[in-house]
Structures are given as C-alpha cells and as structure tokens.
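# Descriptive structure summary
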Amino acid sequence: MVLIMNDYITVIGGGLAGTEVAYQIAKRGIKVKLYEMKPQKFSPAHNNSNLAEIVCSNSFKSSLHTNACGLLKEELNLLDSLLIKTAYDVSVPAGQALAVDRNKFSESVTKKIDSIENIEVIREEVGKNSKNLSLKEMLENGIVVIATGPLTSDGLSSEIKELTGEEGLHFYDAAAPIIEKDSINMNIAFWGDRYEQERKKDEDIVEWQERISKNKENNYINLPLNKEEYEKFVNELINAEVVELHNFEKREIFEGCMPIEIMAKRGLDTLRFGPLKPVGFTDPRTGKRPYALIQLRQDNKEGNLYNLVGFQTNLKYGEQKRVFSLIPGLENAEFVKYGVMHRNTFINSPELLDNTYNLKKNENAFFAGQITGVEGYVESISSGMVAGINAVNKFLQKDKVIFSKYTMIGALADYISTENKKFQPMNANFGILPQLEEKIKDKKIKYGKLSDRAIEELNKTRILQ
Ligand SMILES: Cc1cc2nc3c(=O)[nH]c(=O)nc-3n(C[C@H](O)[C@H](O)[C@H](O)COP(=O)(O)OP(=O)(O)OC[C@H]3O[C@@H](n4cnc5c(N)ncnc54)[C@H](O)[C@@H]3O)c2cc1C
C-alpha cells in the first residue's frame, strides 16, 4: 500500500490530456497543482502560452456516431469532458467533422482552468535541473499524473526513464498500417511462416492451408506477388506523395526501421531481397515460390487486426490507401490505422501500465495523453479522463474505475495495457472493440451497432461524480 501524504494531486503538463485530468480531479472536490513549462520553455511544436494548445491540424475528426473517433467524443461528452465541450463551443464549419478555432479553444480552456479554485497552475518545468521537486520526490509525497506529451522535455524524460527503466521509453514511432483481417482477400492470401510449409513437404499444400487457417496455428498472413504486380507496386510506391517532416523530426534513419518508400528507391529489387523476400514460401495457388511476398502479422489478441510487416512509412494517408490497395489481396482492405514515423515520446505501456493508466510498479504514478501510446487529440483527452477519474479514486482510496472494453474509451485503455511485443501508438478505431457475434457486411450498420453497444455499456459504468 502506497502512502498518500499531499492534500492535492500533482499533474505535470497542461496540454490536452493534462487539462482534462486537472478538470476531472478538481470538479470532484480535490485540489490540483498543475505544472506547465510554457511560457518559460517551449517544445519544438508549441508556440503560444495558453494551455491545451493544438499543435497541428484544427480537426478533432468526425462527429458521426458511426465513426470511431465520433463515438469516442460522444462517450467523452457523456462523461462531462471539459475539452470536448469546449471544442463544440468554439467549433468552425467542417462538415461532419468537429474542427475548432484553435486560438479560441486554448484561450477558453486556459480561462476555465485558471478560474477553478481547486486548481493552482504553476508555470514551471518539472524535471532534472529544474528548481522544482524531482519526479521521484513528488511521487514520494503523493499522487502524480504525468501528461507531458509526445515532446516531453529532456529533463523530465530522463526522470521518466529512471522511473520506468531503460527499456521503458521510446522517442520515435515507426508504425506500419493496420488492416482489418476480414477485409483481406483470402482467395489470394495464404497462411504460414517462412520455411514452415517447406518443412511439411509431405503434406498437400491446400490441405495444409485449410488446417492452419482453421486452427490459427500460424499467425502470419502472406500475400504473393508476381513480377508484374511487384514492379507496378514498387513504381507507385516510389512516386507516391510523402508527408513533409518538421525539422525537429528529421534524423538519421536506422536501417532497421527505414520507411518502405526510401528502401524502394534504392533499386527495383531492394524490397524483394528485403522485407518482401519470398524465400521459404510456396503459393498454394501456383505451387511455386512467388516473385515477392508481403507478410501481415497479427496485431491484437483477438486476431481481427493485422499489420503490414516492414511497412513503416511517411506516405500521406490517402497515398497509403491508394498504393497499398494495389497489392493483390488488399484491393478492399480496411485500414484502421495508417503508417507513421514521428518524433514521439511514449512509454512501453503494455509492460508498465494497467487499464486505468496507473503505473504498475508505483501506484502513485499515472500517465495520460500521447505519452501512454494513445494517438491523437481526442484519444489523449480520453486517457486524461480515465487517469483523472482513477487518480481521484486512488486519492480517496476507492476502487479503480475500469471502463468496459466494449466502450471506445475502455478499448483504448485496454489496448495500451495489453501485452504487445511490437507496441506502437494507437488511435480510436472499431477494430479494437470486441467484434459483434453476427457478421454484418454493411460497414455503417456494423459500426452503428458497435457504437450503440458502447454507449449502453458506458451508461452502466459507475463513476464518482
Ligand atoms: C508535431 C505534432 C503534430 C501533431 N498533429 C496532430 C494532429 O494533427 N491531430 C491529432 O489528432 N494529433 C496530432 N498530434 C498528436 C497528439 O494528438 C498531440 O500531440 C496532442 O497534443 C497530445 O496531447 P498531450 O496532452 O499528450 O500532449 P501536449 O498537448 O503536447 O501537452 C503536453 C504539455 O506538457 C508540457 N510539458 C512538456 N514537458 C514538460 C515538463 N517537463 N514540465 C512541465 N510541462 C511540460 C508541454 O509544454 C505541453 O503543454 C501531433 C503531435 C505532434 C508532436
């Protein structure tokens, strides 16, 4: 049992997650000390003094009930999220999306936070070489929620490393696109691991495929390409539009996580002697080794999401959809997440956190926001909601509030805290919810049902108001 001494909760970072955390704690009658390093110090992406600064796009994505981020906002609204309410108050026309006037948004959140008596905003950096208590000392004195975002200052990053262990903190994400398994054309794709099929030479290939797809004995899905398909794909890939990186994101590229489009530019055969090598495979349709081969690896425990192995990329999202859908077998692929390569500080949450964003090895510590491996504005707010509510319960020595996996807010908390050796940040998407028992082809109907179920589940959650 950890001793709680302070009569307040400390929140570090006054961004999207940290302000939601502070509001959720304060509205439940508990004092908060909220540390924000601006305007004393700015990250490379922040440039105004207000809290809850929007660093890039002013869109909070779709508001539709049949959209995963729309559902997440609906849930947050029901839970009285200060930030989502403010976003609707200062919204600008953007069709079905919720877009905000970015200045009004952060001004309004700042005014609200400053006006709450229970919140003391301290405009100082926390971390090594700052004049404040160290993170370790703060944690010895009470509950601390760390919400310093993808650009956490160096001084605090090194203290977080001490808290979580050397392997606990990552500084870049290099995520490959993730696809819904049901949208892969299994008439083209086949199951198997490299050389495995060759080891079972005596067995008929087709029988072997049927057996492993039934038993899920093997967790790779393989997409064979012939010469013409491969060359067309490489040609489109090297000519596709890429995202312009910020200066602070440019870095030496490690061979192990090179964007696939850069590797492809090294020569026509580079990919098929690298991540697309076909050695050790026989295409069950032809009985021969394919010219090139793309592998998809299971991405979640339920086995309904698969990632494209080696496909970390800086291609624009629309270009990823266009170029990767050219791969035979992926013509109707549903991308639940596109590949990214960002400067992004995040902890190894599956090892470190539980599904309330509480640090397993020091229960006085909570994390919230992008640093937990959720990705996006609304997702960061959502983790702030869960961490804030649970920091209160911890402070009052009450039971944890675990949100149902059937809700988007709970599914995200579950995703980041579930064992995952290749953990990469995740945004809201319907693939992380437990699937419906009935198979529904029409996406709108399916997503509508998943959302209805989520709201019903959320309404059953008991939360201290
Ligand atoms: C360049 C960039 C562009 C992005 N674009 C988008 C986008 O368009 N859409 C989207 O949905 N998501 C985007 N994201 C991802 C993410 O949604 C945002 O970064 C979001 O702001 C994360 O919220 P947060 O609360 O975790 O962090 P932040 O909003 O960054 O808040 C962290 C706060 O902590 C403060 N801080 C840092 N270190 C310390 C310290 N040691 N002591 C005290 N205070 C500290 C910072 O000044 C900041 O105010 C982007 C991320 C980056 C880096």
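Every chain begins its residue count from 1, and numbering advances along the sequence as written. Only residues with pLDDT of at least 70 are given local features in this predicted model, and only at 80 or more are side-chain atom pairs given and counted; all residues enter the totals for whole chains, interfaces and linings. Just so you know, side-chain values use all the structure's heavy atoms and leave hydrogens and water out.

## Details of the overall build of the chain
Helix and strand labels come from DSSP, where a helix needs a run of H or I of at least four residues and a strand needs a run of E of at least two; each type is numbered from the N terminus. When its secondary structure is counted, the chain shows 15 helices and 16 strands. The C-alpha radius of gyration computed for the chain amounts to 23 Å, which stays within 12% of the reference 23 Å derived for 465 residues, consistent with globular compactness. Dimensions along the principal axes, computed over C-alpha positions, put the chain at roughly 70 × 50 × 45 Å. For every residue, the accessible area obtained with a 1.4 Å probe (protein chains only) is divided by the maximum for its type, and the residue is called buried under 20%, exposed over 50%, and partly exposed between those limits. Counting only residues that meet the buried cut, the chain has 57% of its 465 residues in that class. The contact rule is simple, with two residues in contact once any of their heavy atoms fall within 4.5 Å. Of the contacts formed within the chain by residues at least 6 apart in sequence, a portion of 71% connects residues at least 24 apart. For the chain, the exposed surface amounts to about 20700 Å²; the carbon and sulfur share of it is 48%. Distance from the positive charge centre (61 side chains) to the negative charge centre (65 side chains) of the chain: 1 Å. In this treatment the radius of gyration is a C-alpha quantity, and the globule benchmark scales as 2.2 Å times the residue count to the 0.38 power. Exposure was quantified through the Shrake-Rupley algorithm and a 1.4 Å probe, taking into account, for residues, occlusion by the shown protein chains and nothing else. The charge count includes Lys and Arg as positive and Asp and Glu as negative, but it does not include His or the ends of the chains. Each charge is placed at NZ for Lys, CZ for Arg, CG for Asp and CD for Glu.

## Some details on the pairing of strand E13 (residues 305-308)
Of the two faces of E13, the one lined by Leu305 and Asn307 and the one lined by Tyr306 and Leu308 are each fully buried. Of the strand pairs in this sheet, strand E9 (residues 178-180) and E13 are connected by three bridges, and their pairing is antiparallel. When the bridges of E13 are listed, Ile179 appears paired with Tyr306. If DSSP finds at least two bridges between two strands, the strands pair. Where strand E12 (residues 292-298) meets E13, three bridges bridge the pair, whose relative direction is antiparallel. In the strand pairing of E13, Gln298 is matched with Tyr306.

## Regarding the pattern of salt bridges
Salt bridge, as applied in this entry: a Lys or Arg side-chain nitrogen positioned within 4 Å of an Asp or Glu carboxyl oxygen. Throughout the structure, instances matching the rule amount to 25 salt bridges. In this structure, the salt-bridge partner of Arg272 is Asp269, at a minimum N-O distance of 3.1 Å. With relative accessibility at 17%, the residue Arg272 sits in the buried group. Asp269 sits in the partly exposed class, given a relative accessible area of 33%. The residue Arg285 makes a salt bridge to Asp283 at a minimum N-O spacing of 3.6 Å. Judged by relative accessible area, which is 51%, Arg285 ranks as exposed. The exposure class of Asp283 is buried, given its relative accessible area of 4%. Salt bridges linked by common partners bring Glu236, Glu319 and Arg322 together as one network.

## A short note on the state of the cysteines
In this description, the term disulfide denotes a pair of cysteine sulfurs within 2.5 Å. Using the criterion set out here, one finds zero disulfides in the structure. In this structure Cys56 is not part of a disulfide, and its nearest cysteine sulfur, from Cys69, lies 15 Å away. The exposure class of Cys69 is buried, given its relative accessible area of 4%.

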